[in-house]
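# Structural overview for review
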Amino acid sequence: MSTLVLCIDRGQLAADGPVVGTDAVEALVSEVGVEDPEDSRVNCLLETLRVARDLEAEGDDPVVAVVSGHGDAVSADRAVARHTDDLVRQYSPDSAVVVVDSAEDERLVPIVESRVRVDAVDRVVVRQAHDIESTYYLLKQFLADEELRATILVPVGAALLAFPVLLLLADSLTIALSAIAAVIGVFLLYKGLGIDDWLAALPGLVRDAFYSGQVSLVTYVVGGGLALVGVFAGAIGVRGMAPETAELIVGMRFVFDAVPWLALAALTASTGRLLDEFLADEDVRNSFLNLPFGVVAVGLVVRGFAGYFLERAGVIDPLRFPALSFGPVSVEGVGFSVWTRLAIFVFAGILISLFGVRFASYVSGASVEEELTEP
């Protein structure tokens, strides 16, 4: 097995062409070391010789070589590519081990990878300068990345500028720090959750929806309005409660009043998306078929549990079937216990969910077992 042990460098280390062979590389080490004993390339060349020696001890047939390129970035990279082509053409190695001494040289590795299989990349850093060099290259790469600069430096700079202003206006260190922390937290969530990408793509999505006449555009707007109604209904229900009511009960009251509207909003939006799939004359995915039924099922279960807590706390009355009268026939009202109430809502949610699975299997032509086992 033949392995090319290749030292690559952006500079004039081997400006006249590839330096090949152990003797030639040793002579180059002496030349570079005498010229500048502090040059990190000396360590890189010595590491190349060490790797070749170890491979030879393992029974490999290493070919030691040094390539470099100087000039601007394009000229240097093309020179490295040209010299690598010459080595591959002359020695036909099965694989290569690349030795570099900096992050800048490591960027040349893809050029070698495009011509021969690279089994390993050995980056040499002088031990005394390890922390300094690593920090330097990290800072250099960070400052060269425009997106990272905008994400990190801009918020930090804005916070440093806003801090003295807030401190003067609020006259309180706690308020100033809290306001800055809140703004930075919102910004990190904004970037971390990808909200900026979504907002950037939103105008195009809306434009495409208008031009294509998608039903979901209207249903999304209706769903948003119904969701606001749900939040408003929950707020009204909470406002009428006594101030000394426990926080858990207040939250359950909000959920109890808001869930029907929120479930209706999700049902409206998912139905519009399902209609778009049908109108597109394409195979409708089972997830879209199941979604409306799943939304209703979850809404029933959540409302059932919220009603259970509220009834146990005495906030709402027990569930009761009203009395009915049809001429000479009359039916007396029936009351249900708190556990029966919970069981009815949970059972109804499970039943609707199973019906959704059956409906999806009927439309798609798959069996119920396939629907239940489909990820």
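Since the structure is predicted, the reported quantities are computational estimates derived from the model, not experimental observations.

A few words now on the sheet that holds strand 3 (residues 61-69). Spatially, 2-3-1-4-5 is the arrangement adopted by the five strands of the open sheet, whose pairing is mixed. One side of each edge strand has no neighbouring strand; the edge strands of this open sheet are strand 2 (19-20) and strand 5 (118-123). As judged from the two bridges shared by strand 2 and strand 3, these two strands associate in the antiparallel manner. By the bridge assignment for strand 3, Val19 is matched with Val66. Contacting strand 1 (2-10), strand 3, strand 4 (95-100) and strand 5, helix 2 (residues 40-57) crosses the sheet at an angle of about 175° to strand 1.

On to a nonpolar patch on the surface, then. Taken together, Leu189, Tyr190, Leu193, Ile195, Trp198 and Leu199 make up a surface patch of nonpolar side chains, about 590 Å² in accessible area. Every element with two or more residues in the nonpolar patch is listed here: helix 8 (173-192) and helix 9 (195-212). In this fold, Tyr190 is placed in helix 8. With relative accessibility at 31%, the residue Tyr190 sits in the partly exposed group.

Applying the stated criterion to the full structure yields 10 salt bridges. Here Asp86 makes a salt bridge to Arg89, at a shortest N to O gap of 3.0 Å. A residue pair is termed a helical-turn pair when its members lie 3 or 4 positions apart in one helix, as Asp86 and Arg89 do in helix 3 (residues 73-91) at three residues. Between Arg117 and Asp119 there is a salt bridge, with the nearest N and O atoms lying 2.9 Å from each other. Its relative accessible area of 47% is what places Arg117 among the partly exposed residues. Given the relative accessible area of 44%, Asp119 is considered partly exposed. Here the salt bridges do not stand alone but share partners, grouping Glu47, Arg50, Arg53 and Asp54 into one network.

On to the UniProt feature "transmembrane region" (unreviewed entry) in the protein. As annotated in UniProt, the feature "transmembrane region" (unreviewed entry) corresponds to residues 150-169, 175-194, 215-238, 258-276, 288-310 and 338-357 in the numbering used here. Between the C-alpha atoms that bound residues 175-194 there is a distance of 29 Å. The span itself is 90% helix and 0% strand. Spanning residues 338-357, this segment combines 100% helix with 0% strand, and its end C-alpha atoms are found 29 Å apart.

If a residue is not glycine, its phi is most likely negative; likewise, a peptide bond is most likely trans. The residue Ser92 is not glycine, and still its phi comes out positive at about 50°. With respect to the secondary-structure elements, Ser92 resides in the loop between helix 3 and strand 4.

A separate point is the environment of Asp86. Here Asp86 falls in the partly exposed class, since its relative accessible area comes to 31%. Residues Asp86 and Pro18 lie 68 residues apart in sequence; the distance between their C-alpha atoms is 8.4 Å. Here the side chain of Asp86 touches Arg89 through a polar contact of 3.0 Å, side chain to side chain.

The next point concerns a negative patch on the surface. Among the surface-exposed residues, Glu31, Glu35, Asp36 and Glu38 lie close enough to one another that they form a single negatively charged patch. For Glu38, the location among the structural elements is in the loop between helix 1 (22-35) and helix 2. Here Glu38 falls in the exposed class, since its relative accessible area comes to 76%.

Attention now goes to the pairing of strand 4. Taking burial as the measure, the six residues of strand 4 include six buried ones, the bulk of the element. Burial along strand 4 is two-sided: Ser95, Val97 and Val99 facing one way and Ala96, Val98 and Val100 facing the other are all buried. In terms of strand pairing, strand 1 meets strand 4 through five bridges, oriented parallel. Following the sheet pairing, Thr3 is matched in strand 4 by Ser95. Sheet topology places strand 4 next to strand 5; five bridges connect them, and they run parallel. Considered in strand 5, the bridge of Val100 is made with Arg123.

Looking at the secondary structure, you find Glu47 in helix 2. Classification of Glu47 by relative accessible area gives buried; the value is 14%. In this view, Glu47 contacts Val99, Asp122 and Val124; residues no more than four positions away in its chain are not counted.

Attention now moves to the nonpolar core. Core analysis: the biggest nonpolar cluster contains 20 residues, and Val25, Leu28, Leu45 and Val66 have the highest contact counts within it. For this core, the leading source of residues is helix 2, giving seven residues. In this view, Val25 contacts Val19, Leu45, Leu49, Val64 and Val66; residues no more than four positions away in its chain are not counted.

Now for the confidence of the model for the protein. For the protein, the average pLDDT comes to 79, and 79% of its residues sit at 70 or higher. Taking the mean pLDDT of every element in the protein, the minimum, 48, falls on helix 14 (residues 368-373) and the maximum, 91, on strand 4.

Glancing now at the packing of aromatic side chains. Counted according to the given criterion, the structure contains three aromatic pairs. Relative to Phe309, the ring of Tyr308 has its centre 5.5 Å away and its plane inclined at 70°; by these criteria the two rings are edge-to-face. By relative accessible area, Tyr308 is classed as buried at 12%. Between Tyr308 and Trp339 the ring centres are 5.0 Å apart and the planes differ by 50°, which places this aromatic pair in the tilted class. Taken together, the residues span a long stretch of sequence, with Tyr308 in helix 12 (residues 286-312) and Trp339 in helix 13 (residues 338-364) at a distance of 31 residues. A connected cluster of aromatic rings, assembled from ring pairs, spans Tyr308, Phe309 and Trp339. Sitting over the face of the ring of Phe256, Arg303 holds its NZ or CZ atom 3.8 Å from the ring centroid.

Rules used throughout
- The numbers attached to residues start from 1 for each chain and follow its sequence in the written order.
- In view of the model being predicted, local features appear only for residues whose pLDDT reaches at least 70, and side-chain atom pairs are presented and counted only at 80 or more, with totals across whole chains, interfaces and linings using the full set of residues.
- Remark: hydrogens and water are excluded; side-chain values derive from all non-hydrogen atoms of the structure.
- The criterion for strand pairing is that DSSP finds at least two bridges linking the strands in question.
- Numbering goes from the N terminus for both helices and strands, where a helix is a DSSP run of H or I of at least four residues and a strand is a run of E of at least two.
- Contact criterion: two residues are considered in contact whenever any of their non-hydrogen atoms come within 4.5 Å of each other.
- For every element, the axis is a line fit to its C-alpha atoms; helices are fit only across the contacting stretch, and the angle between N-to-C directions ranges from 0 to 180 degrees.
- What goes into a patch is any residue over 30% in relative accessible area without a salt bridge, connected to like charges within 9 Å or, for nonpolar side chains (Val, Leu, Ile, Met, Phe, Trp, Tyr), within 5 Å.
- Here, Shrake-Rupley sampling with a 1.4 Å probe gives the accessible areas, and only protein chains in the shown set may cover a residue.
- The term salt bridge refers to a side-chain nitrogen of Lys or Arg lying within 4 Å of a carboxyl oxygen of Asp or Glu.
- Burial classification: accessible surface area is computed with a 1.4 Å probe over protein chains only, and a residue below 20% of its type maximum counts as buried, one above 50% as exposed, and the rest as partly exposed.
- UniProt positions are given in the numbering used here, feature names are shortened, and annotations may be inferred rather than shown by experiment.
- By the criterion applied in these results, polar contacts are pairs of N or O atoms within 3.5 Å in which, for protein atoms, one can donate a hydrogen and the other can accept it, and in which residues neighboring in sequence qualify only through two side-chain atoms.
- This count recognises Lys and Arg as positive and Asp and Glu as negative, with His and chain-terminal groups excluded.
- A single reference atom marks each charge: NZ on Lys, CZ on Arg, CG on Asp, CD on Glu.
- Remark: nonpolar core denotes a set of buried residues (Ala, Val, Leu, Ile, Met, Phe, Trp, Tyr, Cys) joined through side-chain atoms within 4.5 Å.
- By definition, pLDDT measures how confident the predictor is in each residue, and it falls between 0 and 100.
- Whether two aromatic rings pair depends on their centres lying within 6.5 Å, for rings of Phe, Tyr and Trp, where Trp uses its six-membered ring; planes under 30 degrees apart make the pair stacked, over 60 edge-to-face, and the rest tilted.
- Ring-over charges, as used throughout, are those where CZ of Arg or NZ of Lys falls within 6 Å of the ring centre and within 35 degrees of the ring normal.

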